[in-house]
Every structure is written in C-alpha cells, then in structure tokens.
Amino acid sequence: MNYFNFVKYIEINPTELCNLQCSFCPRAHGYPNQNLHMSLDTAREIKNQLDNLHFKGKVIFAGRGEPTLTKNFDEILDIFLENEPNYRVQVTTNGKKIDDLKKFFNDARVRFSYDIYTPDESEANRIIEKYNEYSNIRLIRKPDYGLNFDQFTKGKSVRRGLTGSKEGMTNRAGFLGENTFDEFEDNACAKLVYNMYIDWNGNYNLCCDDWNPLILGNIFEENIEEFINYNENLNGYRKKHFCENSRKGLPACQTCNRRSPVTGDAREDYMNLIRMNEM
C-alpha cells in the first residue's frame, strides 16, 4: 500500500491568466493576472509519469487560471489524450473561449465543466441552447453571487441536477478572510488524501485552495510517486492533520475554512499507512 493508491484527482493549473474577476475569487481581491503558461514539455512529463503509474482517476484542468487561455492548450489536451489513457480528463472553464476547443466537442475522452457566470437569464439561456446538445459538456449556472454562501448554494446545474455547495466556496486558505477551522471537530482534510495539485511550471502545490501557493517540490526533480510517498513537507502536513487533528502552525491550512474530512474505512486505512511509514 502507498499514498498514491488514494489519489483520485490530479489537478493541473495550466495558466495564471483569467478573463473574469468574480467576487468570490481572489482575482477580484488583489491576486494578479500573469502571462504564465504550461509548456508542452511539462505536459508531456506529467503525462508520462501518470502512464507509468497506471493512474485511473481524473486529470482536471482548472486551478487558479482559466485553462482555455493557456497557450497551445489544444496540444496539451492532445498529449493527455494520447493512447486512450486509463484516466479521465476534465476541463473546468468559464466558457468564454471554449469554441477554440471545438474539435473536442463530443469527444468522449474529455469532459468540459462549463460554469455559466451571468445573472442575465437571456444570455444564460442562449449558452444553454448552444451547448446543451453536446454530451461531454456539463453546463452549470453559477451567477456571481459574491461571497454569500446561502445564495451560492441555490445555483442550479442544467444537467444531472448538480448544485453549487458551501464546501466549494471557501476563504481560499485565508486569502478572502478569517478562518473558522477551530469550529471543526475533525481538522483532517481530504485534499491531502485524494488530490494532488501541479502548477503550470511543474511545481507541486498543496491544493487548489492555496492562493499564496506553497512550493513543495517540482515534477522534474521529484517524480509524482516520490513526491506523494516521501516528500517531507507533505508528510508533515499529513501527520499534523491526521495524527494531531490540528492545522495550527501549517501555512495555508491554519487559515483555511474548508471542512472536508476523510471518513469510514478510508480514514482507517490512511491512518494505518501513516503509522506503518513511521515504523
């Protein structure tokens, strides 16, 4: 057993550009737009490592920027879709540039999660009518409600009945305000178990909530399997979260209000793995 067996989602931030400033996002509160993009070499390295690990989860292009603004993004998608991979590919987008990727519409190997950010009903209906025919484009109404969690949870998905959630609306590890984690009975976070986050330049970051990103390593210096299993910084976070039930003293985590505990058999298996690796 190893830590990588628990990983379900590889989250990739392919660019530091975005073309919106939603009020619930750090980009509307001082986070800078930067013309930084993932290279094809970095994409290829990630792809090769995931293939070698026989990864069967989901690769998600989302992160802190708008993926469709990434230079050569169609080529990056082509790399990850080569040779019918075992993993699934998802692109989370605000849809402003989605037509640049039209060749992937109805391509079952990739799914788009199209977040419709507009309070204009006629515009939203136009978008729904235009894209609803494509089976691999999930359309989700997400008007820019600001930081009002209760209003956000009323956002409706056009397909499959999904809604926005309070869990998805965090304070971005303190970037958007005070933390509330001291109120949690269980401070251990599922982000450390099921997710890993790779930045545009191959840097490993802690998670998608950290908008003052911690650099824990780089994919060219430490491969994915080595990072997940042996990175000392990451292991320090695991021990604090799961063994001490605490986030205090941990950059990002100590100011984060995400409540996402690991429960049931998965929690016990993960704790046993931590104990085994301490022996």
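Throughout what follows, the structure given in this document is the object of discussion. (Residues numbered from 1 in each chain as written. Predicted model: local features only at pLDDT ≥ 70, side-chain atom pairs only at ≥ 80, totals over all residues. Heavy atoms only, no water.)

**A look at the pattern of salt bridges**
Next up, step 1: For the structure shown, the criterion picks out 18 salt bridges.
Next up, step 2: The shortest N-O distance in the salt bridge between Lys191 and Glu11 comes to 3.7 Å. One end of the pair, Lys191, is in helix α5 (residues 191-194); the other, Glu11, is in strand β1 (residues 9-12), and 180 residues separate them in sequence.
Next up, step 3: Judged by its relative accessible area of 13%, Lys191 falls in the buried class.
Next up, step 4: On the accessibility criterion, Glu11 (10% relative accessible area) is buried.
Next up, step 5: In this structure, the salt-bridge partner of Arg126 is Glu123, at a minimum N-O distance of 2.9 Å. Taken together, the residues span about one helical turn, with Arg126 and Glu123 both in helix α3 (residues 121-131) at a distance of 3 residues.
Next up, step 6: Judged by its relative accessible area of 43%, Arg126 falls in the partly exposed class. (Salt bridge = Lys/Arg side-chain N within 4 Å of Asp/Glu carboxyl O. Helix = DSSP H or I, 4+ residues; strand = E, 2+ residues; numbered from the N terminus. Buried < 20%, exposed > 50% of the residue type's maximum accessible area, 1.4 Å probe, protein only.)

**Considerations on the sheet that holds strand β6 (residues 195-198)**
Hydrogen bonds between backbone atoms are what pair the strands of a sheet, whose relative direction is either parallel or antiparallel.
Next up, step 1: Taken in spatial order, the 8 strands line up as β5-β4-β3-β2-β1-β6-β7-β8 in an open sheet, and their pairing is mixed. Every interior strand has two partners, whereas the edge strands, β5 (137-141) and β8 (217-218), have only one.
Next up, step 2: Of the pairings in the sheet, the one linking strand β7 (residues 203-205) to β8 comprises 2 bridges and is antiparallel in character. Bridge pairing in β8 places Tyr204 opposite Gly217.
Next up, step 3: Across the sheet, α3 lies against β4 (110-116) and β5, angled at about 165° from β5, the strand it touches most. (Pairing = 2+ DSSP bridges. Contact = heavy atoms within 4.5 Å. Axes fitted to C-alpha atoms, helices over the stretch in contact; angles between N-to-C directions.)

**So, the packing of aromatic side chains**
Next up, step 1: Using the criterion set out here, one finds 14 aromatic pairs in the structure.
Next up, step 2: Seen in terms of ring centroids, Phe4 and Phe55 are 5.8 Å apart; in terms of plane orientation they differ by 55°. Their pairing is tilted. A residue pair is termed long-range when its members are at least 10 positions apart, and Phe4 in the segment before β1 and Phe55 in the loop between α1 (40-52) and β2 (58-61) qualify at 51 residues. Assigned by exposure class, Phe4 and Phe55 land together as buried.
Next up, step 3: Pairing Tyr31 with Trp211 gives two aromatic rings, centres 4.8 Å apart and planes at 80°, and the pair type is edge-to-face. (Phe/Tyr/Trp six-rings, centres within 6.5 Å; stacked < 30°, edge-to-face > 60°.)

**Brief notes about the side chain of Asn94**
Next up, step 1: With respect to the helices, strands and loops of the structure, Asn94 is situated in the loop between β3 (88-93) and β4.
Next up, step 2: Among the polar contacts listed, one links the side chain of Asn94 to the side chain of Asn19, at a separation of 2.8 Å.
Next up, step 3: A distance of 3.0 Å separates a polar side-chain atom of Asn94 from the backbone nitrogen of Lys96.
Next up, step 4: In this view, Asn94 contacts Cys18, Asn19, Leu20, Glu66, Tyr114, Asp115 and Tyr117; residues no more than four positions away in its chain are not counted. (Polar contact = N/O pair within 3.5 Å; in protein donor to acceptor, adjacent residues only side chain to side chain.)

**With respect to the packing of helix α7 (residues 232-243) against helix α8 (residues 264-278)**
Each pair of packed helices can be described by the angle between their axes along with the distance between the axes.
Next up, step 1: As a packed pair, α7 and α8 sit with axes 11 Å apart at the nearest point and diverge in direction by 125°. Considering their axes alone, α7 and α8 lie oblique with respect to each other. In the packing of α7 onto α8, the handedness of the crossing is left-handed. Within the contact between the two elements, α7 uses Arg238, Lys239, Phe242 and Cys243 and α8 uses Arg267, Tyr270, Met271, Ile274 and Glu278.
Next up, step 2: The class makeup of the residues in the contact of α7 with α8 is 5 nonpolar, no polar and 4 charged. (Parallel < 35°, antiparallel > 145°, perpendicular 65-115°, else oblique. Left-handed = near helix turned anticlockwise from the far one by under 90°. Nonpolar A, V, L, I, M, F, W, Y, C, P; charged D, E, K, R; others polar.)

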